[in-house]
Structure formats: structure tokens, C-alpha cells
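Fold and contact review
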Amino acid sequence: MDYPKIKIYQNPWISEKIPWAFRTFVQIFVVIPEDNCYNNRKCQKIRQKYRKRAVRTSTHKSGKDKNMNQLEVLRESLGQCDEIILDALLMRNRIVEDIMVYKEANNVPILQPEQEAKQKEWLERRMQEKRHKNEVADVFESITRNSKKIQARKLFNYNIVLIGFMGAGKSTISDYLKTVFAMDIIEMDQIIAERAGMSISDIFETYGEQYFRDCETNLLIEMQSRTNVVISCGGGTPMRECNVVEMKKNGRVVLLTAKPETILDRVKDSHDRPLIENNKTVPFIADLMSKRREKYEAAADIIIETDGKSELEICEELIHSLRQMDAKAE
Ligand code: S3P
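So, a few notes on the structure that sits alongside this text. (Residues numbered from 1 in each chain as written. Predicted model: local features only at pLDDT ≥ 70, side-chain atom pairs only at ≥ 80, totals over all residues. Heavy atoms only, no water.)

**A look at the site of the ligand**
Around the ligand sit 13 residues, and of these Lys170, Asp189, Arg213, Arg273 and Arg292 come closest. Within the contact set of the ligand, an oxygen atom lies 2.5 Å away from a side-chain nitrogen or oxygen of Arg273. For the ligand, whose unbound accessible area comes to 390 Å², protein coverage reaches 97%. Its residues assigned to classes, the shell around the ligand shows five nonpolar, three polar and five charged. (Near = heavy atom within 4 Å. Polar contact = N/O pair within 3.5 Å; in protein donor to acceptor, adjacent residues only side chain to side chain. Areas by Shrake-Rupley, 256 points an atom, 1.4 Å probe, with all protein chains shown as cover. Nonpolar A, V, L, I, M, F, W, Y, C, P; charged D, E, K, R; others polar.)

**Some words on helix H6 (residues 170-181)**
The end-to-end C-alpha distance of H6 is 16 Å, a good match for the 16 Å that 12 residues give at a rise of 1.5 Å each. For H6, the set of buried residues is Lys170, Ile173, Ser174, Tyr176, Leu177, Val180 and Phe181. Buried residues of H6 fall within an arc of 160° about the axis and therefore sit on the same side. Phi for Ala182, located one or two positions after H6, is positive at around 50°. (Helix = DSSP H or I, 4+ residues; strand = E, 2+ residues; numbered from the N terminus. Expected span 1.5 Å × (residues − 1). Buried < 20%, exposed > 50% of the residue type's maximum accessible area, 1.4 Å probe, protein only. Arc of directions from axis to C-beta.)

**Structural notes on the packing of aromatic side chains**
In this description, a pair of aromatic rings is defined by centroid distance and the angle of the planes. For the coordinates displayed, the defined rule picks out five aromatic pairs. A ring pair is formed by Phe156 and Phe181, whose centres lie 6.0 Å apart and whose planes are at 80°; its orientation type is edge-to-face. Within this pair, whereas Phe156 is found in the loop between helix H5 (133-155) and strand S3 (159-163), its partner Phe181 is found in helix H6, the two being separated by 25 residues in sequence. Since its relative accessible area comes to 0%, Phe156 is described here as buried. Ring centres of Phe204 and Phe212 lie 5.1 Å apart, and the angle between their planes is 45°; on these two criteria the pair is classed as tilted. Just as Phe204 is buried, Phe212 falls in that class too. Connected via pairs of aromatic rings, a cluster forms that spans Phe156, Tyr158 and Phe181. Above the plane of the ring of Tyr158 lies Arg252, whose end atom (NZ or CZ) is 4.0 Å from the centre. (Phe/Tyr/Trp six-rings, centres within 6.5 Å; stacked < 30°, edge-to-face > 60°. Lys NZ or Arg CZ within 6 Å of the ring centre and 35° of its normal.)

Encoded structure:
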């Protein structure tokens, strides 16, 4: 890939050759890229144009006319800045995609959260004592978020559907995927509860389990119009065969598993799971799990054991398994 070269500029405009008066004018009335500039031919042309315009405006015009022209110069300068930003962004996005291709081709971990931390530190250092620190930080946050989205789209052009027993880590892993890929999360239980205006336990009590299961089916159908979202299912969602059919229409199904002891440890302090609320014991969990295992496994495109693994490790495994599966399907 042939990228334009990026050079560090030390205020190239304000060189010793430019007379003091002109320098001052340029500093006041023309927006100058401070010291880091994306150097390509277009950028150089823009600079030449600024200089010519600035000279013309400062030497030949006066009064209202001059002000008008200065405003025009400023606006045009701003437009040219936007051109530079746009070019740099387009190039940046291409690089982001190429990094992803490189990582995959060379078996480098896809997720490198330390890299984001480094970029943050760099920005903090570069912006020390500078004006508009918060505004610039805000723009960079948006750039980072959108880079993550680009990466996610490069990897998955479908939805990721997380299934598994209560406490298998579906919500935790979907949150992590949101952090690293800025993907939208569909937390099924939460959406159903919000729409019903009551907790899952109250839905079970008021309308019964069938009603709740119908809500799950309808939500899965609704999600088929979305792409690149993570759908975190309720533990019982794949028990209905039609749900599995709906999940697979626009999604890859990832089964997260954990030992009953691990599950108990993860759910012991929560009270929003009516099916185990009064039976939080390893034998009860193991029994319900074994009744569900066959259906879980039949629904799954890939299976990931979560015991003793970090969120990063689980997500890295998830990405690799999905990509391997996609490669085989191609
Ligand atoms: C259920 C699991 C729960 C929730 C409901 C029923 C199940 O979701 O949908 O209590 O049948 O396993 P989580 O797996 O997110 O706890």
C-alpha cells in the first residue's frame, strides 16, 4: 500500500524569510496548521494559496472591503483545514483496516488495549498547556470510537449472538465487545424488561413464561434488520427451535460455557433470575444445565469455555474462532 509520506513540520510558514508584518498577519488572519501537518501535494498547494491570498488581502484592500475579504480568506482557510482533516481521516481509516489485515495475516492478537492507552497518553502529552484541550480530546475520542467500528465491520458483517446458561458471561462479554469494538449491544432481557415496564421476575409472575418467550422470539426477528451488533440472549432463548432459526438468519451463534461452580459463584448475589432464585445450588444448576446442554450445543456455531479466562482472552478466542469459521465458509 502506497501512503503519502507524513512529515513533522515546525511551523513551516513562519520561516525567517517572511517579513515580520506579513508573519503577524498570517498568524492572526489565516488558520495555520500548527506544527504537525499531513504532508501531501494537496497540502502544499493549500499553503501556497493561503500565502498568496493573505498578501493580496493585506496589501490591496481597506475598510469594509478588506474585512469582507478577510472573512472570505478565513472561511476558505477553514474549508481547506477541513480538506486536510478529511484527507487525513480517510487515510487513517485505511490504515486501521490494513492493521487489521496485517494482524490476521501474521497471527498478531487482534485486541491490543494497551495501544489505546498509549494513544491517550500521547494526546495528553501533546495537548499539555494547549488551548481547546477538551474539544480536541472529544474529537479524538470520536475518531477512536469510529476506528473501532471500522475494525469490527472489517471482521464481522453479521450480528454476534451470545447464548449460554445464566451466568455464563453473556452480558460481561458483550460489554467488553462494546468497549473494544464500539459495537451496539442488544441486551435482550433488558430490552424486554424496559418495554414491559417491569422486571423479568415480574413479567414471569404477571404474564407467565410463554409470554416472555414470545417477546424473545419477536426481538430476535426485529434484530435481523441490524448488522454488526452483539445480541446477548437470555439463558433460555435457544430452547425454542424457532429462536435458533431466527438467530442464524443474520447472526453467528457463540455459546459461552462455564462449570456449575463458576456459574453459582457469578450469580449468587443477583436476584433477577426467577428460574434459580430459590435454588442457587451447584446440583440444581448442574441439573438444569445438563437438560439444556444438547440444545445449546446444537444451536452454537462456536463454543467457548470461560472458566478461568479473562474477558480479553475470551474475546480474542471468539474473534479467531469466528474468523476461522468465516474463512472456511468462503
Ligand atoms: C433465563 C435466563 C435469564 C432470563 C430469564 C430466563 C433462562 O437471562 O432471560 O430469567 O431461562 O435461563 P440470563 O441468562 O441473562 O440470566
